[in-house]
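Each chain, letter by letter, is given below.
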Amino acid sequence: MIKYIVKEQKIFGLNINQTEKYASKHFHKTGALVMPTAKKAWTYLVIALLALAASVNYELFVFPNQFAPAGLNGICTMIQHISGISVGYLSLLINVPLAIWCYIEVSKPVAVRSMVYVVTFSLGLVILDHVDLSMFAYSTDNGTSKILGPLVAGVIQGYIFSVLMKASAYSGGTDFI
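Quantities reported herein were computed from a predicted structural model and do not represent experimental measurements.

Reading the values: rules and limits
- Residues numbered from 1 in each chain as written.
- Predicted model: local features only at pLDDT ≥ 70, side-chain atom pairs only at ≥ 80, totals over all residues.
- Heavy atoms only, no water.
- Phe/Tyr/Trp six-rings, centres within 6.5 Å; stacked < 30°, edge-to-face > 60°.
- Buried < 20%, exposed > 50% of the residue type's maximum accessible area, 1.4 Å probe, protein only.
- Helix = DSSP H or I, 4+ residues; strand = E, 2+ residues; numbered from the N terminus.
- Axes fitted to C-alpha atoms, helices over the stretch in contact; angles between N-to-C directions.
- Left-handed = near helix turned anticlockwise from the far one by under 90°.
- Contact = heavy atoms within 4.5 Å.
- Nonpolar A, V, L, I, M, F, W, Y, C, P; charged D, E, K, R; others polar.
- 1 Å grid on protein atoms, 1.4 Å probe; cavity = no way out; pocket = protein on both sides within 12 Å on 5 of 7 lines; lining within 4 Å.
- Points joined across faces, edges and corners; volume = space filled by probe spheres on them.
- Core = buried A, V, L, I, M, F, W, Y, C linked by side-chain atoms within 4.5 Å.

### Some thoughts on the packing of aromatic side chains
Per the stated rule, a full pass over the model turns up 3 aromatic pairs. Judged by centre distance (5.7 Å) and plane angle (75°), the ring pair of Y58 and F63 falls under edge-to-face. Just as Y58 is buried, F63 falls in that class too. Between Y58 and F121 the ring centres are 5.1 Å apart and the planes differ by 75°, which places this aromatic pair in the edge-to-face class. With a gap of 63 residues between them, Y58 in helix 2 (residues 37-62) and F121 in helix 5 (residues 108-128) connect regions that are remote in the sequence. For the pair Y58 and F121, one class covers both residues: buried. A connected cluster of aromatic rings, assembled from ring pairs, spans Y58, F63, Y117 and F121.

### Side note on the packing of helix 2 against helix 5
Any two packed helices are characterised by the angle at which their axes cross and by the distance between the axes. Axis separation between helix 2 and helix 5 bottoms out at 8 Å; the angle between their running directions is 35°. The way helix 2 lies across helix 5 gives a crossing that is right-handed. Facing helix 2, whose interface residues are T43, Y44, I47, A48, L50, A51, L52, A54, S55, V56, Y58 and E59, helix 5 presents V112, R113, V116, Y117, T120, F121, G124, L125 and L128. Considering only residue class, the contact of helix 2 with helix 5 consists of 15 nonpolar, 4 polar and 2 charged.

### Some words on the layout of surface pockets
Rolled over the atoms, a probe as big as a water molecule pinpoints where empty space is left. Roughly 350 Å³ of volume is contained in the second largest pocket. Lining the second largest pocket are 25 residues, with Y58, A70, Q157, F161 and S171 positioned closest to its centre. Counting only elements with at least two residues in the lining of the second largest pocket, the list comes to helix 2, helix 3 (72-83), helix 5 and helix 6 (148-166). Among the elements that take part in the lining of the second largest pocket, helix 6 stands out by supplying 7 residues, more than any other. Within the lining of the second largest pocket, the residues separate by chemical class into 15 nonpolar, 9 polar and 1 charged.

### Overview of the nonpolar core
Core analysis: the biggest nonpolar cluster contains 31 residues, and Y117, F121 and L164 have the highest contact counts within it. Looking at this core, the elements with two or more residues in it are helix 2, helix 3, helix 4 (87-105), helix 5 and helix 6. For this core, the element with the most residues is helix 2, which contributes 8 residues. Those residues within four positions of F121 in sequence are excluded, and the remaining contacts are A51, A54, S55, Y58, N73 and S91.

Quick look at the structure:
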């Protein structure tokens, strides 16, 4: 039998003792990543602020220019245009069952973080329905913009989605599926 003597084994720049200490601090015994409380609070705050930014984006660029973004919120936007029911209510109505399904079948932390986004986004839209932002909204002389409004809204939403994905959260709708 040959014995190998390893003086120092490194994993990601840490020796084995440091790796074990890191694992005991940041991972639950089941192997799930444990997020420290301050970092968790910061993550939820960032998700809520992103949702508010998305609701302002809808009020300033999407609704005044009468276009529907992609996904279930786009379908909700079309339904709002036809029926007058707020996207905030429709988004919440559609996303709650999907979030429950995601909570049970996929991942509890992802579902909770995503629901923070969905609830904050919906509440932001419902509140902003009663605030006059027409002074800040982008629209052209004929009332709609076919290029610049959707482009700016898409760039803003793209940035919001990328930060959400970095925080392991989603915007609801088809992201749950």
